[in-house]
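# Results of the structural survey
The primary structure of each chain is shown beneath.
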Amino acid sequence: MEQRIYTIEDVEDFFPVHVFECGQCFRWQRQEDGSYTGVAGGRIANIAFESYEGEAEGGSGRLQISNCTEADFENFWSQYLDLDRDYGKLKRKLCRGDKVMRKAVKFGWGIRILNQDLWETIVSFIISQNNNIPRIKGCIEGLAELLGEPVGVFEGRAWYDLPTPEKLALVTVEDLAPVKLGYRAKYLIETAKIVCQKGMPENVEDLSALCGVGPKVASCIALFGMGETGSFPIDVWVARVMSGLYGIDEKNHGAMKAYADEHFGALGGFAQQYLFYYIRNLNARK
DNA sequence: CGGCAGGCGGTTA
DNA sequence: TAACCGCCTGCC
């Protein structure tokens, strides 16, 4: 069977490692060639990028999406990958007069904030609390395989959607035991019940009414699942940046939010991702 | 073995 | 409303 590959030339400010490993998503898997395979919007795809001039920082290149028709691209991937946004402009704005941000943006130059499915981000970030990335990924795949509907088979692997709120609302903690969600299992079930009863959340206030969703998780969901680009999630890593590199008291999250509002404004979510990815990798390398 | 990982809910004062 | 504590699980 011939595989459809959709190609977009002259793409700037996009690099798969930065996009898929900056911590915003958990269902994309790195392949040997550096491309990523995953499922979103009921579509399975592989995403590859080739720089025209080697690995030039921020240089333009060719984006190739496999298992994707022109319609898939126009109707879904373009928006999902946030390709219509001018990241060059946004980065220049964030970096103006900010040496820390300049380093962070130089490091994570190819980050794009994905426009993800709301329910998927709710599930993902409830699972993410007090947890590490490999295990978060395992939990999400396990949940999809246990209770999700099949999406299809791609390169020999079957992919599943996450279970819907309706499905999840009807199971018990014991049913979810194989997924090893720990104490988060009951948060998910309870949240599914709330969503079934009250509908999908529409803002941060609604999010806070869910179970297992505190300030940090709600900010992440707002940013990644609701398009709230000004949302500035503060986790331990961002708190470390804000205290270590911006000089704000490590425990004073209120002051950090105020700083973000004042200096990053509606670009707070992008700022947070650049800073988060930067500080995490600084830490990982030593 | 204790400590910790992209916090939260519950309980106290 | 701020401070503390326990929590599933897996890995160091």
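In case you missed it, the structure is sitting above this.
Note that the structure is a prediction, hence the values are computed from the model and not measured.

### Comments concerning unusual backbone geometry
Phi angles above zero are rare outside glycine, and N130 is one such case at about 50°. Backbone geometry at E155 places phi at a positive 50°, although glycine is not the residue there. Here E155 lies in the loop between β6 (150–154) and β7 (157–160).

### Comments concerning the pairing of strand β4 (residues 43–51)
Put simply, side chains in a regular strand alternate between the two faces of the sheet. Across five bridges, the pairing between strand β3 (residues 36–40) and β4 is antiparallel. For A40, the partnering residue across the bridge sits in β4 and is R43. In this structure, the hairpin formed by β3 and β4 is closed by a connection of two residues, where G41 is found at a positive phi of approximately 55°. Alignment of β4 against strand β5 (residues 61–66), held across six bridges, turns out to be antiparallel. Residue S51 lies in a different strand from β5, and its bridge partner there is G61.

### A word on the protein's contact with DNA strand B
In the vicinity of DNA strand B lie 24 residues, with G23, F125, Y183, G212 and G214 positioned nearest. Counting only the atoms of DNA strand B that lie within 4 Å of the protein, the sugar and phosphate share comes to 58%. In the model, a base nitrogen of DNA strand B is placed 3.1 Å from a nitrogen or oxygen of the N130 side chain. Within the contact set of DNA strand B, a phosphate oxygen lies 3.4 Å away from a backbone nitrogen or oxygen of V213. Among the elements of the structure, α5 (118–128), α10 (215–225), α11 (236–244) and α13 (268–285) are those that each provide at least two residues to the surface near DNA strand B. For the surface near DNA strand B, the leading source of residues is α10, giving four residues. Among the residues forming the surface near DNA strand B, the class breakdown is 13 nonpolar, eight polar and three charged.

### Regarding the protein's contact with DNA strand C
Every residue near DNA strand C is listed here: N130, R135, K180, L181, G182, Y183 and R184. The sugar-phosphate backbone supplies 57% of the atoms of DNA strand C found within 4 Å of the protein. One of the side-chain nitrogen or oxygen atoms of R135 is found 2.6 Å away from a base oxygen of DNA strand C. Between DNA strand C and Y183 there is a distance of 3.1 Å, counted from a sugar or linking oxygen to a backbone nitrogen or oxygen. Across the surface near DNA strand C, the residue classes break down as two nonpolar, two polar and three charged.

Rules used throughout
Residues numbered from 1 in each chain as written. Chains lettered and ligands numbered in written order. Predicted model: local features only at pLDDT ≥ 70, side-chain atom pairs only at ≥ 80, totals over all residues. Heavy atoms only, no water. Helix = DSSP H or I, 4+ residues; strand = E, 2+ residues; numbered from the N terminus. Pairing = 2+ DSSP bridges. Near = heavy atom within 4 Å. Polar contact = N/O pair within 3.5 Å; in protein donor to acceptor, adjacent residues only side chain to side chain. Nonpolar A, V, L, I, M, F, W, Y, C, P; charged D, E, K, R; others polar.

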